[in-house]
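Structural overview for review
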Amino acid sequence: MKNTNFDLLKNPFHYHIGARYRSEMILNYLLKTAKREDIIADIGCGLAYMPYLISRKIGCKSIGIDIENSVLLSAKKINYSNKISYIAANCLNIPLSGGKIDHVISSEVIEHLKRPEEFIKEIKRILKKGGLFIITTPSTEGIIQISDRCHHHENEKHYKEGYSEKEIDRAV
C-alpha cells in the first residue's frame, strides 16, 4: 500500500502510537453503539481525524469542535466530508442547543482545563438524555503512566497530570 503525503496528512495519528490506539478503541466502540442517524461531537478535535473516521466508517453526522480556528481550517482541507461540520469554540461554552448530541468524544482534553467540572457540565448540557460520553485522559494508575513522555504538547499546559478511574467516575 502506497503512502502519499496526503494520506499521511489524513492520519495525523500515524506516528503517535498512543493516539492511534485511542482512536481505534473509540471507533470500535462507536461502530457497536452508534447509528447512521446519530450526531457525534468530538470536543478538542484538532485536525478532526475522529470526525473523518466517523463519517467514513459509521456514516453519521459528526461535529469537530476545537478552540483553534486555524487548526479547523486545515482540518476542513484535509478531512473533507459533507457529513462533518466544524465549530471553533471554547469547550466551556459550546454553541449547540441542549440535548441534541447522541455521543460526545473528548480525548486528551480535560487535563488541559483549569475548571474541568464546568466542562463536564457543558457536556451534560449538549448530550441527549441517554447519550454517551467517551473521555480519555492520561492516567495516574498502572502502566499507562509511562505515556507522560509521549503526551507533550507545545504551548499547552496541563492543569492536572492525569486522572484516576475513580476521579473520572466522580466527575461524570
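Report follows, based on the coordinates. Worth saying up front: this structure is predicted, and the values here are computed from it rather than measured. (Residues numbered from 1 in each chain as written. Predicted model: local features only at pLDDT ≥ 70, side-chain atom pairs only at ≥ 80, totals over all residues. Heavy atoms only, no water.)

**Some details on the pattern of salt bridges**
- For the coordinates displayed, the defined rule picks out four salt bridges.
- Linking Lys 128 and Asp 102 is a salt bridge whose minimum nitrogen-to-oxygen distance equals 3.1 Å. Taken together, the residues span a long stretch of sequence, with Lys 128 in strand S5 (residues 127-136) and Asp 102 in strand S4 (residues 101-107) at a distance of 26 residues.
- A relative accessible area of 13% places Asp 102 in the buried class. (Salt bridge = Lys/Arg side-chain N within 4 Å of Asp/Glu carboxyl O. Helix = DSSP H or I, 4+ residues; strand = E, 2+ residues; numbered from the N terminus. Buried < 20%, exposed > 50% of the residue type's maximum accessible area, 1.4 Å probe, protein only.)

**Things to note about the environment of Tyr 49**
- As for its position among the elements, Tyr 49 is in helix H3 (residues 49-57).
- For Tyr 49, a relative accessible area of 11% puts it in the buried group.
- Each C-alpha atom, one on Tyr 49 and one on Ser 23, is 8.6 Å from the other, the two residues being 26 residues apart in sequence.

**Regarding helix H5 (residues 116-126)**
- Three or more residues of H5 are buried, namely Pro 116, Phe 119, Ile 120, Glu 122, Ile 123 and Ile 126. In an axial view of H5, the angular spread of the buried residues amounts to 160°, which keeps them on one side of the axis. Opposite its buried face, H5 presents the exposed residues Glu 117 and Lys 121, each directed more than 90 degrees away. (Arc of directions from axis to C-beta.)

**A few points about unusual backbone geometry**
- Within the chain, Ala 48 stands out as a residue other than glycine whose phi angle is a positive 65°.
- With respect to the helices, strands and loops of the structure, Ala 48 is situated in the loop between strand S1 (39-43) and H3.
- Judged by relative accessible area, which is 0%, Ala 48 ranks as buried.

**Some details on the packing of aromatic side chains**
- Applying the stated rule across the entire model yields two aromatic pairs.
- Each ring, one from Phe 119 and one from Phe 133, has its centre 6.4 Å from the other, and the planes form 70°; the classification is edge-to-face. Of the two residues, Phe 119 is situated in helix H5 and Phe 133 in strand S5; the sequence distance between them amounts to 14 residues. Taken individually, Phe 119 and Phe 133 each receive the classification buried, so the pair is uniform in this respect. (Phe/Tyr/Trp six-rings, centres within 6.5 Å; stacked < 30°, edge-to-face > 60°.)

**Quick notes on the pairing of S1**
- Here S1 lies mainly inside the structure; four of its five residues are buried.
- Sheet analysis places S1 next to strand S2 (residues 61-66), joined by five bridges and oriented parallel. Residue pairing for S2: Ala 41 is matched across the bridge by Ile 63.
- A crossover connection joins S1 to the parallel S2 through H3; in handedness this β-α-β unit is right-handed. (Pairing = 2+ DSSP bridges. Right-handed = clockwise from strand over helix to strand, strands pointing away.)

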